[in-house]
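What follows is each chain in one-letter form.
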Amino acid sequence: MTKQKIRNALLVHLVILFFFSTSVVSARVVSLLQNYGNPIFRSNFHSIYDTSKYGVFQLSNGLGKTPQMGWNSWNFFACNINEMVIKETADALVSTGLADLGYVYVNIDDCWSSVTRNLKGQLVPDHKTFPSGIKALADYVHGKGLKLGIYSDAGVFTCQVRPGSIFHETDDADLFASWGVDYLKYDNCYNLGIPPKERYPPMRDALNATGQKIFYSLCEWGVEDPALWADKVGNSWRTTGDINDSWASMTTIADLNDKWAAYAGPGGWNDPDMLEVGNGGMTYQEYRAHFSIWALAKAPLLIGCDVRNLTAETLEILSNKEVIAINQDSLGVQGRKVQVSGADGCRQVWAGPLSGNRLAVALWNRCSKVATITASWEALGLESGVHVSVRDLWQHKVVTGDAVSSFSARVDIHDCQLISRVSNHAHQ
Ligand SMILES: *[C@@H]1O[C@H](CO)[C@@H](O)[C@H](O)[C@H]1NC(C)=O
Ligand SMILES: *[C@@H]1O[C@H](CO)[C@@H](O)[C@H](O)[C@H]1NC(C)=O
Ligand SMILES: *[C@@H]1O[C@H](CO)[C@@H](O)[C@H](O)[C@H]1NC(C)=O
């Protein structure tokens, strides 16, 4: 680890944020179009960052204007959860400062419920692991200024064979609302072969009918391409199967999710699944790449490790304010893969427009050795004469005040430099 760190220090790491300063772009893609007349953007800008399907609050529950942030129990704890873990996690989100950075949803995944409904047909919290009930837990979490999420399934059972909510949508939504729940993750196991397009809207309607604002997170694993229909159903929709704590899984999922970039926008987000940062299966560089790409792709930032026991490195990654700000940018346009080179396309440039005439650019080294990666202005959709300043969001400093036509950096194995750029002092 120490060796790796020293090696890191010798290389530039970027999640580059590119800024242009000619005119102020407001928080809508439409405003980007207004820059066509000036010499910053090439005519291919809008095909590179296609936003033709960009939704605007289509679910109209007022939630998810930026991707949701918080924590979910599954990736670390799986079925080994109880009310103590949830409370201590809420405490830890506050004490680590993560809550102040926006991680506010405390989401309980599968296994909170008893294996059978009660005589009234209601879901019941497992009396051994959640003896005080979910209402008490919601009160506790709310008392910390956080929000509570719960889990159910659009089928007859959850994946861990607790009762599912299909055909019980109204009763279960009413129960969740009576407990003060703020978020529902809705899974896809034991679904009777009924298409998701038929199984997911009834819960949307039931949640809406409660009159309480409940974030609706669809988890149909991308099986019927939810980006094509779920914008009017949920605030986010999983685009892939489950992530696991490995480089292979994380990269595969990033690529699968990228296909749907044009469909994301305020109110409805593509969800490539929860973060594995801090769970131990990837290197520091790989976790930094994971976090950078999820942020750039406007993915939900749901921490998946044990926040009661974070290493300094994990906390450093999860609490990078500049990277979080890319994810939460008001423009809400999903960044995407714009340029690949090298063997198997392992030298990659991912980029996306931000509010304020800025572009977030990630130089992602997926090769098995250190590589120099170049982002050309052409690939980014910029005129080649544009001068930009480049800021490294992991080093927290401007690495060059005046890059023209391209920007290159050496990037460590499996690392990702995230940069952002400003200011066009050319073309005066
Ligand atoms: C319910 O849906 C209507 C129509 O889409 C919307 O205006 C309203 O805000 C929704 N209410 C809640 C609580 O989600
Ligand atoms: C993790 O995901 C990768 C890529 O999809 C897969 O090859 C691997 O078998 C998975 N590992 C586990 C333990 O499920
Ligand atoms: C905290 O995490 C470390 C690994 O980072 C692990 O060895 C230790 O057992 C964990 N402690 C607790 C109380 O879970």
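We now turn to the structure provided with this report. As the structure is a prediction and not an experimental result, all values here were calculated from the model. (Residues numbered from 1 in each chain as written. Chains lettered and ligands numbered in written order. Predicted model: local features only at pLDDT ≥ 70, side-chain atom pairs only at ≥ 80, totals over all residues. Heavy atoms only, no water.)

Here we look at the nonpolar core
In terms of nonpolar packing, the biggest core is built from 87 residues, with Leu93, Tyr103, Trp112, Tyr216, Phe291 and Trp294 touching the most fellow members. Per-element tally for this core: the top contributor is helix H11 (residues 284-296), with eight residues. Two domains each put at least three residues into this core: domain 1 (69-328) and domain 2 (336-422). Those residues in contact with Leu93 that sit more than four places away from it in its chain are Trp71, Leu98, Ala99, Tyr103, Val106, Leu146, Ile303 and Val307. Listed in part, the 27 residues of the second largest apolar core include Phe41, Tyr49, Ala375 and Trp377. (Core = buried A, V, L, I, M, F, W, Y, C linked by side-chain atoms within 4.5 Å. Buried < 20%, exposed > 50% of the residue type's maximum accessible area, 1.4 Å probe, protein only. Helix = DSSP H or I, 4+ residues; strand = E, 2+ residues; numbered from the N terminus. Domains from an automatic or database assignment. Contact = heavy atoms within 4.5 Å.)

Structural notes on the layout of surface pockets
Once rolled over the atoms, a probe with the size of a water molecule shows which space is left empty. Counted as a void, the largest pocket has a volume near 210 Å³. Gly278, Asn279, Gly280, Thr311 and Thr314 are, among the 17 residues lining the largest pocket, the residues nearest its centre. Taken together, the elements giving at least two residues each to the lining of the largest pocket come down to H11 and helix H12 (312-318). If you tally residues by element for the lining of the largest pocket, the top one is H12, at three residues. Split into classes, the residues belonging to the lining of the largest pocket amount to eight nonpolar, seven polar and two charged. (1 Å grid on protein atoms, 1.4 Å probe; cavity = no way out; pocket = protein on both sides within 12 Å on 5 of 7 lines; lining within 4 Å. Points joined across faces, edges and corners; volume = space filled by probe spheres on them. Nonpolar A, V, L, I, M, F, W, Y, C, P; charged D, E, K, R; others polar.)

A closer look at empty space enclosed by the protein
Tallied over the entire structure, the rule returns three cavities of 30 Å³ or more. Taken as a whole, the largest cavity holds about 60 Å³ of empty space. Of the residues belonging to the lining of the largest cavity, the class tally is five nonpolar, two polar and four charged.

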